[in-house]
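# Fold and contact review
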Amino acid sequence: MAFQSESLALVPLPGAVRVGRQYTLATLRGWGYRDERFESDVELVVSELLTNSIQALEGTYEPHHTTTLLSKQSLIRITLIKTDETLHVEVWDPAPRMPRIRDRVSADSITGRGLEIVDALAESVGWRAPYDGLPPEGKVVFAILALPDKPPCESGPQGDRFTRVP
Ligand SMILES: Nc1ncnc2c1ncn2[C@@H]1O[C@H](COP(=O)(O)OP(=O)(O)O)[C@@H](O)[C@H]1O
Ligand SMILES: [Mg+2]
């Protein structure tokens, strides 16, 4: 099975969500994927996971204290892993609290359903302990999505938008 993986550390502030989405789209295109439906599903998953991490860390750091914000222990990390059939979106954050799915969400609650949306778009959602290369604290929250049926074009990220002149 062929694996490809890309990873980016992000400052845990709201603007990181947009950066994470742009980074993800650029990575998918670099891998040859140009499926709009798939891209928008992945964008939503990335937004939810990054937003949750940033919210979980809210109040932990002083937003203007750049030395702390930029330390390896504070930066959150998005990792994209492509296998033959799946895309794994993984977000590490140092917050000790674990996510919750479908518990304690009252009928009147207007929060607590983001991960259910991710669950609906993904084949699976979960979290686990940090693996090698990540700081030991916190956790990795992941979503595994099925790649679109059509494999990326053999000619690479540019696809057939350009005509080759012999
Ligand atoms: N990365 C995370 N770190 C800590 N807690 C999390 C994380 N992601 C989710 N959670 C917890 O799980 C709950 C459910 O998340 P979610 O379904 O996205 O709902 P919402 O973000 O609207 O509260 C959150 O309210 C939060 O308490
Ligand atoms: Mg959420």
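Residues numbered from 1 in each chain as written. Chains lettered and ligands numbered in written order. Predicted model: local features only at pLDDT ≥ 70, side-chain atom pairs only at ≥ 80, totals over all residues.

## Focus: the overall build of the protein chain
The number of helices and strands found in the protein chain is four helices and five strands. Along its sequence from the N terminus, the protein chain presents helices and strands in the succession β-α-α-α-β-β-α-β-β. Among the 166 residues that make up the protein chain, the fraction classed as buried is 24%. In the protein chain, 68% of the contacts between residues at least 6 apart in sequence involve partners at least 24 apart. (Helix = DSSP H or I, 4+ residues; strand = E, 2+ residues; numbered from the N terminus. Buried ≥ 20, exposed ≤ 12 C-beta atoms within 10 Å, placed from the backbone. Contact = placed C-beta atoms within 7 Å.)

## Examining the environment of Glu43
As for its placement among the helices and strands, Glu43 is situated in helix α2 (residues 36–57). Since 16 C-beta atoms lie within 10 Å of it, Glu43 is described here as partly exposed. Sequence separation between Glu43 and Leu25 is 18 residues, and the spatial gap between their C-alpha atoms is 7.6 Å. Setting aside residues no more than four positions away along its own chain, Glu43 makes contact with Arg21, Thr24 and Leu25.

## A few points about the site of ligand 1
The local shell around ligand 1 holds 15 residues, among which Asn52, Ala56, Pro99, Gly114 and Leu115 are the closest. Going through the elements one at a time, α2 and α4 (114–121) are the ones with two or more residues in the shell around ligand 1. Ranked by the residues each element gives to the shell around ligand 1, the list is headed by α2, at four residues. Grouping the amino acids of the shell around ligand 1 by side-chain chemistry returns five nonpolar, five polar and five charged. (Near = placed C-beta within 6 Å. Nonpolar A, V, L, I, M, F, W, Y, C, P; charged D, E, K, R; others polar.)

## A short note on the sheet that holds strand β1 (residues 4–10)
In space, the five strands of this open sheet follow the order β1-β2-β3-β5-β4, with antiparallel pairing throughout. Of all the strands in the sheet, the pair left with one neighbour each is β1 and β4 (124–128). The average angle at which neighbouring strand axes cross in this sheet is 15 degrees, direction not considered. Each of β1 and β2 (76–82) touches helix α1 (residues 15–30); the most contacted strand, β1, lies at about 160 degrees to it. (Pairing = 2+ DSSP bridges. Axes fitted to C-alpha atoms, helices over the stretch in contact; angles between N-to-C directions.)

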